[in-house]
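What follows is each chain in one-letter form.
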Amino acid sequence: MTKKQIIKYLQEKNIYQDVDVMLVDELIFNLQMIKNCKKEIKDKGVLIDIARSDADREYWQQNPAIAIYNKSVKNLLDITRKLSLSPVDRSILKIDAEYMNEEDKEAEKYFK
């Protein structure tokens, strides 16, 4: 879902105000954060070894991406509530952590 599509949907429901553009941007940003955190957790696991390379033993810690993921999901739910989007609206808009289109991929450069 692109920013323009989300705004159009909100306008059609007569719930869009010009000040909501910031919330729409944050919605897209948090979707990207969720996607990146999922990849990080999948690639590195729930626990990561943070011991120095010359250490003689491992030191395991929860992957920091888990906390970021949890906060981003909370932000996403807060933002959708502020935009008056119900779970049905979110499903119509296909707002989930797996979805991203070309316009939203621009945000990826901030996470690399």
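Everything numeric in this text was worked out from a predicted model, so none of it was measured.

The phi angle at Asn14 is positive, at roughly 60°, despite the residue not being glycine. The topology assignment puts Asn14 in the loop between helix H1 (3–12) and helix H2 (21–44). When its relative accessible area of 69% is taken as the criterion, Asn14 is described as exposed. We note that Ser84 has phi near 60°; this positive angle belongs to a residue other than glycine. Structurally, Ser84 is set in the loop between helix H3 (64–82) and helix H4 (87–93).

With that settled, the discussion passes to the packing of H2 against H3. For the pair H2 and H3, interaxial distance at closest approach is 9 Å and the crossing angle is 155°. By the angle between their directions, the pair H2 and H3 is classed as roughly antiparallel. Like other packed secondary-structure pairs, H2 and H3 cross with a definite hand, here left-handed. Contacts between H2 and H3 pair Leu23, Glu26, Leu27, Asn30, Leu31, Met33, Ile34, Cys37, Lys38, Glu40 and Ile41 from the former with Ala65, Ile66, Ile68, Tyr69, Ser72, Val73, Asn75, Leu76, Ile79, Thr80 and Lys82 from the latter.

Let's shift gears to H3. Taking 1.5 Å per residue, 19 residues should reach 27 Å; H3 reaches 27 Å between its end C-alpha atoms and fits that length. Every buried residue of H3 is listed here: Ala65, Ile66, Ser72, Leu76, Ile79 and Thr80. Projection of H3 onto a plane perpendicular to its axis shows the buried side chains occupying an angular sector of 150°, all on one side. Facing away from the buried side of H3, by more than 90 degrees, are the exposed residues Arg81 and Lys82. Turning to H3, the residues buried within the fold contact H2, strand S2 (60–62) and H4.

Turning our eyes to something else, we now look at the confidence of the model for the chain. Of all residues in the chain, 84% have pLDDT values of 70 or greater, and the mean over the chain is 84. With pLDDT under 50 throughout, residues 108–112 is counted as low confidence; its partners more than four residues away or in other chains account for seven contacts.

This part covers the pattern of salt bridges. In the structure shown here, the tally under the stated rule is seven salt bridges. For Asp25, the salt bridge is made with Lys3, and the minimal N-O distance between the two is 2.8 Å. Of the two residues, Asp25 is situated in helix H2 and Lys3 in helix H1; the sequence distance between them amounts to 22 residues. A relative accessible area of 33% places Asp25 in the partly exposed class. Lys3 gets classed as partly exposed once you look at its relative accessible area, which sits at 24%. The salt bridge involving Lys8 is made with Glu12; its shortest N-O contact spans 4.0 Å. One end of the pair is Lys8 and the other is Glu12, both in helix H1 and four residues apart, which spans about a single turn. Taking relative accessible area as the criterion, Glu12 reaches 55% and is therefore assigned exposed.

Cut-offs applied
Residues numbered from 1 in each chain as written. Predicted model: local features only at pLDDT ≥ 70, side-chain atom pairs only at ≥ 80, totals over all residues. Heavy atoms only, no water. Helix = DSSP H or I, 4+ residues; strand = E, 2+ residues; numbered from the N terminus. Buried < 20%, exposed > 50% of the residue type's maximum accessible area, 1.4 Å probe, protein only. Axes fitted to C-alpha atoms, helices over the stretch in contact; angles between N-to-C directions. Parallel < 35°, antiparallel > 145°, perpendicular 65-115°, else oblique. Left-handed = near helix turned anticlockwise from the far one by under 90°. Contact = heavy atoms within 4.5 Å. Expected span 1.5 Å × (residues − 1). Arc of directions from axis to C-beta. pLDDT = per-residue confidence, 0-100. Salt bridge = Lys/Arg side-chain N within 4 Å of Asp/Glu carboxyl O.

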